Structures are given as C-alpha cells and as structure tokens.
Amino acid sequence: MTLDKPKHAEGEENEEHKPGFLGKVKGFIHDVGEKIEEKVGFGKPTADVKAIHIDSIDSKRAELRVEVLITNPNPIPLVDINYLIESEGRKLVSGLIPDKGTIHSHGSETIQIPLTIIYDDIKSTYDDINPGSIIPYKVHVELIVDVPVIGRITLPMEKTGEIPVPYKPEVELAKIRFGKFAFDETSATLHIKLDNKNDFDLCLNVLEYEVWIGGTNIGGARLSKSAKIEKKAQGIVEVPILFRPKDFGSAMWEMIRGRGTGYSIKGNIDVDTVFGPMKLPFEREGGRTRLRKEHDDKADDED
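Residues numbered from 1 in each chain as written. Predicted model: local features only at pLDDT ≥ 70, side-chain atom pairs only at ≥ 80, totals over all residues. Heavy atoms only, no water.

An unreviewed UniProt entry lists the chain under the name Water stress and hypersensitive response domain-containing protein, with Papaver somniferum given as the organism. Recorded under Sequence similarities (unreviewed entry), the UniProt text for the chain is reproduced unchanged: "Belongs to the LEA type 2 family." (UniProt positions renumbered as here; feature names shortened; annotations may be inferred.)

Using the criterion set out here, one finds one aromatic pair in the structure. Relative to Phe275, the ring of Phe200 has its centre 5.6 Å away and its plane inclined at 80°; by these criteria the two rings are edge-to-face. One end of the pair, Phe200, is in the loop between β9 (186-196) and β10 (202-213); the other, Phe275, is in the loop between β13 (261-273) and β14 (276-289), and 75 residues separate them in sequence. The same class applies to Phe200 as to Phe275, namely buried. In this structure, Arg90 is placed above the aromatic ring of Tyr126, and the distance from its NZ or CZ to the ring centre is 4.8 Å. (Phe/Tyr/Trp six-rings, centres within 6.5 Å; stacked < 30°, edge-to-face > 60°. Helix = DSSP H or I, 4+ residues; strand = E, 2+ residues; numbered from the N terminus. Buried < 20%, exposed > 50% of the residue type's maximum accessible area, 1.4 Å probe, protein only. Lys NZ or Arg CZ within 6 Å of the ring centre and 35° of its normal.)

The subject of this paragraph is the sheet that holds β13. Pairing within the open sheet is antiparallel, and its four strands lie in the order β11-β10-β13-β14. Each having just a single partner strand, β11 (216-229) and β14 make up the two edges of the open sheet. For this sheet, the mean angle separating the axes of adjacent strands, direction not counted, is 15°. (Pairing = 2+ DSSP bridges. Axes fitted to C-alpha atoms, helices over the stretch in contact; angles between N-to-C directions.)

Before going further, it helps to spend a moment on the pattern of salt bridges. The final tally for this structure, using the stated rule, is 14 salt bridges. With a shortest N-O distance of 3.5 Å, Lys228 and Asp201 are connected by a salt bridge. Highlighted residues: Lys228 in strand β11 and Asp201 in the loop between β9 and β10, separated in sequence by 27 residues. Shared partners join several salt bridges into a network, and the residues in it are Glu208, Arg222, Asp270 and Lys279. (Salt bridge = Lys/Arg side-chain N within 4 Å of Asp/Glu carboxyl O.)

So, about the nonpolar core. Counting 66 residues, the largest nonpolar core has Ile113 and Leu143 as its most contacted members. Here this core gets seven residues from one element, more than from any other, and that element is strand β6 (residues 134-147). If you count residues domain by domain, this core takes at least three from each of domain 1 (21-29 + 44-165) and domain 2 (170-289). In contact with Leu143, not counting residues within four places along its chain, are Ala47, Val68, Ile70, Leu78, Asp80, Ile81, Ile111, Ile113, Ile153, Thr154, Leu155 and Met157. (Core = buried A, V, L, I, M, F, W, Y, C linked by side-chain atoms within 4.5 Å. Domains from an automatic or database assignment. Contact = heavy atoms within 4.5 Å.)

Bringing the side chain of Ser59 into the picture now. Positionally, Ser59 belongs in the loop between β1 (46-57) and β2 (61-72). Take Ser59: its relative accessible area is 17%, and that puts it in the buried class.

Here's what the structure looks like:
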C-alpha cells in the first residue's frame, strides 16, 4: 500500500523540504536587512538648537552665535549649514556655511554657528522696523550631513527669541558748572543729558567723550560711570573736567556774561542691557550751552 505524502495548505512550505540554497539566501537577506535597519534606525544623528547668544551688538550690527547640540553614534561629515533668520515671516538674513568638518562619534557635540544681522539692511528693506524697537525673530538652521549607507540627510531645527534694533542716544551738554574759576585753569562739571529712545533700559558703565566749546577742544576722557537711563527716558551724567578759559577768547567772555555759546560733543557709552552689553555712539553739533557757578541753582531752561 502506498502512503500519500502529507498535504499542506496552499502557500505553506514544508520546512523539512525547503530548498537549502533558497533558505540560505533568505537568511542572508534578513541579516543584511537587519544591519541596514540598524544603521538607519540607530546611526542617524539628531540635532537641536540649545541657545542663541548675542556676542556683540551696537547701532550698526548684531553678532549672534547659534549653539547646536548634535548627538551622533558615528563619525559623519557635516557638508553644509543653511540658515535663515526671519521676523514675523519676513527674511532678515540668510545664507550657507560650507564644509564645517567632521562630527565626532559616540556622544554629543556642540557646534557654534556665527550669524550677523546688519541693521541698515533691515531698515532699508522694512520701513516699519524702527530704531529703538524690539523685534521677534526665528532662526531656522539646516544641517546637511553625509550618513554612511543612507547618504545625505538634512536635520532641520528652529528657535525663537527677541532682538533689539538699537537707537544711539541723543546727547546735550545741558550746562557747565565751574568751581574754582581761573583763566589759567578752571575745574568744572559737565552736565551731559542722555536721551534714551530705546524700548529697553540702558545701564551706563563707561562714558568716552570729547567736547568743543566755541570751536576749541576743551578735552575729553574715558570715565567709569554708573547710571541707569530707563527706556524712553532721559538721564543726566555729571563729568568733571579741567580746562583753560584763556584759550577760548570771545566765546568764554560770552559764557561769563551769562550768554550761551556753541558747543559740540561726541563719544561712546558702554552699557548693559537685557540683551547683553552694547557700545553706542553719540554726537551733537551746533548746540548751545552756558557756564554757571557751582552753587548757582537758579532755574533755567537748560537745567
């Protein structure tokens, strides 16, 4: 009697009679697939913007530094970095930084991306971005890396913040109060009025200045001064100075007689702000001031 071979459901193979070569091929493909999956699943780097630092800022430009943390299991070349800074959907600056080198493997690494915002470019493009204002921004960064097995990939990320558009302070030499008056040398105090037109406070640290009275330079200095000028407000900084009245000719006689005389002043202030330290210039030409006695508290328009 002949025994029938056991039948299997349609599509079902008898493991005992699976072709040896085909089984080996399938096993090999399975092993390779697992390795590729491992490469793709666990070899892919990740990146995140950890912070944005304002390294320096003045009335002309802001130097930013974007700090990106990259976690990477394998050494990979960082091909390019694309960046875009926008404010409320409007582009402020964009560009590409090529060939940043190789990102090291087995851990985390921080890279620094320097960016620059030129204020004149912004103000010439967008009329409603005014000096003294604070504007929101969003930084978009794309890291283009070359990952083994899977090729080039892009790691996009973004971060938001605020940045000021500084307005240089307006300055006025409100008055000059003298103590001991002599034509050879007179000690005096300059009352310098600073008008802060920014939407943020200025904490004064250093004042650098030069002053001209009646077209004659009476000198200048770099002084450490502490003063806080609140946003949209004015402040007076008192600065001691020595000068020689006999060098001024008729301009000094006009001042002694209580009449105003022409002056010019220019310099810089170093300030702290909520956005970091700033160096802001100031300048005033064609102003008029008066020379007053130290204890003369008579009110006038320039006090």
